Amino acid sequence: MTQFDMQDPLTQYDKLDIPEQTQTEPGLDSELVPAADHGQSSYVGLGRLKGRKALITGGDSGIGRAVAIAYAREGADVAISYLPSEEPDAQNVKTDIEAAGKKAVLLPGDLSDETYARRLVHEAAEALGGLDIVVNNAGKQIHVDDITKLSTEQLESTFRVNIMAMFWIVQEALEYLPKGGTIINTTSIQAYQPSEGLLDYAATKAAIANFTHGLGKQLIPKGIRVNGVAPGPIWTPLQPSHGQPMEKLTQFGEQAPIGRAGQPAELASAYVFLASQESSYIAGEIIGVTGGQHLP
Ligand code: NAD
Ligand code: MG
């Protein structure tokens, strides 16, 4: 089966049988039970990003990994950022990208560090020989059920990684992005329907949605399109590494109208579309990939 074959979306993937599990943040894809699908056996490229150079933050796992595989198969060279502890996942993605015959650049570091976030862009552009696509996808989600227990350390760290790093990365990327270049930000259904235990995370996702709308307006006169993707519940290492309380984790995604969690592979085409020239008249927009929970 490829991403083009018609099938019932309800049964395209089995309902997940998720055992209790906990990983240290940020978690590894290689330790996720059951394993997620990143499109290795299904995604077929059509040359839609031929010759492009892309930077994907959080490209080691989950949604970022599925996007990295799709971009490479569509003809792009890909640089990814990730935390040093995620090196095993990053090596797997390098193998995925190289299997598509494209260049893979690995740039580990912590995006809460402004110096790294800014340097990352220049190192990616240097290694790739330019930069056409920036996917701001890295994100931190730690569930805390009571606002009085939310530390200032976590609050600040969530904002630095999820939204402040996007400002820093875009500021540096404008040095390289040509006319026709694209920026894609990962927001969330949480921007619009926040869970009670994700106050800091959801607030950053609302900020990302707003940033995407505003930056889209600011940059379209330069010929650069900025858009976003708002995923619903997607099975990635974000969730078992303190992203959800255990009782929600084992039923993850079942509340979506489609009745199951999404797989990272089901996000890839939205990111390809927004990066490619096929979306030429779309700017400052957010595509929901939520299994039926519409955006407002
Ligand atoms: P993931 O854990 O696979 O990816 C998140 C990545 O963020 C990690 O791989 C890590 O490399 C990166 N990251 C986290 N903290 C970092 C730091 N301090 N410095 C540098 N990088 C850091 O999980 P995912 O679900 O694929 O997440 C990708 C994006 O999708 C995130 O922005 C997340 O908020 C968003 N999202 C996920 C879901 C979901 O249900 N999984 C839903 C809506 C939005
Ligand atoms: Mg990861």
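Attention shifts here to the coordination of the magnesium ion (ligand 2). The protein atoms that coordinate the magnesium ion (ligand 2) are Asp 60 (OD), Ser 61 (OG) and Glu 86 (OE), at distances of 2.1 Å. If you list the donors of the magnesium ion (ligand 2) from N- to C-terminus, the spacing comes out as D-S-x24-E. In this pair, Asp 60 is assigned in the loop between strand E1 (53–57) and helix H1 (62–73) and Glu 86 in the loop between strand E2 (77–82) and helix H2 (87–99), connecting sequence segments 26 residues apart. Looking at Glu 86, the relative accessible area reads 7%, which means it is buried.

Okay, the environment of Val 134 next. Along the chain, Val 134 turns up in strand E4 (residues 133–136). Relative accessible area serves as the criterion here: at 0%, Val 134 is assigned to the buried category. In this structure the C-alpha to C-alpha distance between Val 134 and Pro 233, which are 99 residues apart in sequence, comes to 23 Å. Setting aside chain neighbours within four positions, we find Val 134 in contact with Leu 55, Ile 169, Ala 173, Leu 177, Thr 182, Ile 183 and Ile 184.

What follows covers the packing of H1 against helix H7 (residues 268–275). For any two helices packed against each other, one specifies the inter-axial angle together with the distance between the axes. The N-to-C vectors of H1 and H7 enclose an angle of 55°; their axes lie 9 Å apart at closest approach. As summarised for this structure, H1 and H7 are arranged oblique, according to the angle between their axes. Crossing hand, H1 versus H7: right-handed. Contact with H1, carried on its side by Ile 63, Ala 66, Val 67, Ala 70 and Tyr 71, involves Ala 268, Tyr 271, Val 272 and Ala 275 of H7 and no other residues of that element.

One pass over the structure, following the stated rule, counts 2 aromatic pairs. Relative to Phe 252, the ring of Trp 235 has its centre 6.1 Å away and its plane inclined at 45°; by these criteria the two rings are tilted. Placement of the pair is Trp 235 in the loop between strand E6 (225–231) and helix H6 (246–249) and Phe 252 in the loop between H6 and H7, with a sequence separation of 17 residues. The exposure class of Trp 235 is buried, given its relative accessible area of 0%.

Its 12 residues give H1 an end-to-end C-alpha distance of 17 Å, which sits within 8% of 16 Å, the value for a rise of 1.5 Å per residue. Summarising burial for H1: 11 of the 12 residues are buried, a large majority. Buried within H1 we find Gly 62, Ile 63, Gly 64, Arg 65, Ala 66, Val 67, Ala 68, Ile 69, Ala 70, Tyr 71 and Ala 72. At the exit of H1 stands Gly 75, carrying a positive phi of roughly 105°.

Right, let's get into the nonpolar core. Membership of the largest hydrophobic core comes to 32 residues, with the highest contact counts inside it found for Ile 56, Tyr 71, Ile 80, Ile 184, Val 229 and Tyr 271. Sorting the residues of this core by element identifies E1, H1, E2, H2, E4 and H7 as the ones contributing at least two each. The greatest single-element share of this core, amounting to 7 residues, is contributed by H1.

Glancing now at the sheet that holds strand E7 (residues 286–289). The strand order across the open sheet built from 7 strands is E3-E2-E1-E4-E5-E6-E7, with neighbouring strands paired in parallel fashion. Each of the sheet's edge strands pairs with one partner strand only, and the pair in question is strand E3 (104–108) and E7. In this sheet, adjacent strand axes meet at a mean angle of 15° when their direction is disregarded. Pairing geometry for E6 and E7, over 4 bridges, is parallel. In the sheet register, Pro 231 faces E7, and the bridge partner there is Val 289.

To continue, consider the layout of surface pockets. Reported here for the second largest pocket is a volume of approximately 540 Å³. Forming the walls of the second largest pocket are 28 residues, and the residues nearest its centre are Gln 12, Tyr 13, Arg 260, Ala 265 and Glu 266. Its residues placed into classes, the lining of the second largest pocket shows 13 nonpolar, 11 polar and 4 charged.

What counts, and where the lines are drawn
- Residues numbered from 1 in each chain as written.
- Chains lettered and ligands numbered in written order.
- Predicted model: local features only at pLDDT ≥ 70, side-chain atom pairs only at ≥ 80, totals over all residues.
- Heavy atoms only, no water.
- Donors = N, O, S within 2.8 Å, 3.2 Å for Na, K, Ca; no water.
- Helix = DSSP H or I, 4+ residues; strand = E, 2+ residues; numbered from the N terminus.
- Buried < 20%, exposed > 50% of the residue type's maximum accessible area, 1.4 Å probe, protein only.
- Contact = heavy atoms within 4.5 Å.
- Axes fitted to C-alpha atoms, helices over the stretch in contact; angles between N-to-C directions.
- Parallel < 35°, antiparallel > 145°, perpendicular 65-115°, else oblique.
- Left-handed = near helix turned anticlockwise from the far one by under 90°.
- Phe/Tyr/Trp six-rings, centres within 6.5 Å; stacked < 30°, edge-to-face > 60°.
- Expected span 1.5 Å × (residues − 1).
- Core = buried A, V, L, I, M, F, W, Y, C linked by side-chain atoms within 4.5 Å.
- Pairing = 2+ DSSP bridges.
- 1 Å grid on protein atoms, 1.4 Å probe; cavity = no way out; pocket = protein on both sides within 12 Å on 5 of 7 lines; lining within 4 Å.
- Points joined across faces, edges and corners; volume = space filled by probe spheres on them.
- Nonpolar A, V, L, I, M, F, W, Y, C, P; charged D, E, K, R; others polar.

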